[in-house]
Amino acid sequence: MLIHIVYAHPSVESFTHAVLEQFLAGVTEAGIEYSISDLYEQGFRPELTLDEYHLGYKNVPDDCVPPDVAAERAKLLAADMWAFVYPVWWTDCPAILKGWFDRVWTGFIPNVLAEPAAKRAFVLCTAGNSIERLTELGEYQAMETVMLTDRIAHRAAVKSFHVFDGSAAFSPAEWHQLKVEHLAEAHRLGREIQAA
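Bear in mind the structure is a predicted one, so any value in this text is a computation, not a measurement.

### Remarks on the nonpolar core
So, step 1. L39, F84, Y86, L97, W100, W105 and F161 are the most contacted members of the largest nonpolar core, which has 33 residues in total.
So, step 2. Within the residue set of this core, elements represented by two or more residues are β1 (2-7), β3 (81-87), α4 (95-105), β4 (118-126), α6 (139-152) and β5 (156-164).
So, step 3. Residue contributions to this core peak at six residues, all from α4.
So, step 4. Beyond its immediate chain neighbours, meaning those up to four positions away, W105 contacts L76, W82, F84, W100, R151, I152 and R155.

Encoded structure:
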């Protein structure tokens with residue numbers, strides 16, 4: 001069993017990175033192997049070029065797909081499960097991850113595929129606002145719909161969306177306690193990944 005994680009945050013000192021570390025600790029405890037695409041660390045190019053746009057990657061031999069895109073697709077296809085870990089910026093993922101979807105998803109695992117490519121897909125994102133505030137504004141619903149219904153869609157059989165909220169919404173003392181709870185939850189999600 002293998003899970004592939006697509007991670008997008010530029011700082012290893014961020015709360016998002018701490019969520020990733022705890023999730024991976026749980027995955028390791030569960031005896032699951034993992035691979036990671038750390039988009040900032042590997043310098044993934046997010047811009048879809050004009051040539052790539054025209055190519056569309058549809059019905060194109062693998063050797064005609066840009067090497068970085070082919071490498072990302074190979075990691076996805078080798079895995080049984082996927083996870084996307086990122087911060088919420090302007091009610092969406094960072095631009096580098098949006099560009100990853102633009103380039104890697106284009107023409108990948110078409111709608112005609114008989115079976116999903118992954119058994120499960122997990123979205124773990126961090127947000128400054130509380131879930132209550134995100135829900136009140138309609139942002140929570142929008143983020144969940146975009147990630148699960150539009151981006152992941154039919155590509156995974158089971159999908160789940162987890163927001164680790166409140167980093168900018170509470171007092172330092174409240175945030176400290178909430179952060180401890182969030183990291184424990186990220187660890188639990190990794191540890192119980194096959195039952196999620």
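### Here's the deal with the sheet that holds β1
So, step 1. In spatial order, the strands read β2-β1-β3-β4-β5; together these five strands make up an open sheet with parallel pairing. Because the sheet does not close on itself, it has two edges, and the strands there are β2 (33-38) and β5. Here the average twist between neighbouring strands, direction ignored, is 15°.
So, step 2. Bridge count between β4 and β5: eight bridges; the pairing is parallel. Following the sheet pairing, T126 is matched in β5 by F164.
So, step 3. Lying over the sheet, helix α1 (residues 15-29) contacts β1, β2, β3, β4 and β5, oriented at roughly 175° with respect to β1.
So, step 4. On the sheet, helix α3 (residues 67-78) packs against β1, β2 and β3 and is oriented at approximately 140° with respect to β1.

### As for the environment of P46
So, step 1. Tracing the sequence through the fold places P46 in the loop between β2 and α2 (50-55).
So, step 2. Accessibility expressed as a relative area gives 23% for P46, which makes it partly exposed.
So, step 3. For P46, the contacting residues outside a window of four places in its chain are A95, I96, G99 and R103.

### Quick look at the pattern of salt bridges
So, step 1. Scanning the model with the defined rule gives eleven salt bridges in all.
So, step 2. Residue R103 pairs with E52 through a salt bridge whose shortest N-O separation is 2.9 Å. With R103 in helix α4 and E52 in helix α2, this pair connects stretches of sequence that are 51 residues apart.
So, step 3. With a relative accessible area of 0%, R103 lands in the buried category.
So, step 4. Notably, a salt bridge pairs R188 with E185, separated by 2.6 Å at the nearest N-O pair. Separated by three residues within a single helix, R188 and E185 lie in helix α7 (residues 172-191), roughly one turn from each other.
So, step 5. Its relative accessible area of 28% is what places R188 among the partly exposed residues.
So, step 6. A single network of salt bridges, built from pairs that share partners, joins R45, E52, D68 and R103.

### What about α7?
So, step 1. Taking 1.5 Å per residue as the helical rise, α7 with its 20 residues ought to reach 28 Å, and the 28 Å between its terminal C-alpha atoms agrees with that figure.
So, step 2. Of all the positions in α7, only W175, L178, H182, L183, A186, H187, L189 and G190 are classed as buried.

### Regarding α4
So, step 1. The buried fraction of α4 amounts to eight of the eleven residues, a majority that puts the element mostly inside the structure.
So, step 2. By the burial criterion, the buried members of α4 are I96, L97, G99, W100, F101, R103, V104 and W105.
So, step 3. Looking at the buried positions of α4, the neighbouring elements they touch are β1, α2, α3, β3 and α6.
So, step 4. Immediately downstream of α4, the backbone of G107 shows phi near 75°, a positive value.

The rules we used
- Residues numbered from 1 in each chain as written.
- Predicted model: local features only at pLDDT ≥ 70, side-chain atom pairs only at ≥ 80, totals over all residues.
- Heavy atoms only, no water.
- Core = buried A, V, L, I, M, F, W, Y, C linked by side-chain atoms within 4.5 Å.
- Buried < 20%, exposed > 50% of the residue type's maximum accessible area, 1.4 Å probe, protein only.
- Helix = DSSP H or I, 4+ residues; strand = E, 2+ residues; numbered from the N terminus.
- Contact = heavy atoms within 4.5 Å.
- Pairing = 2+ DSSP bridges.
- Axes fitted to C-alpha atoms, helices over the stretch in contact; angles between N-to-C directions.
- Salt bridge = Lys/Arg side-chain N within 4 Å of Asp/Glu carboxyl O.
- Expected span 1.5 Å × (residues − 1).

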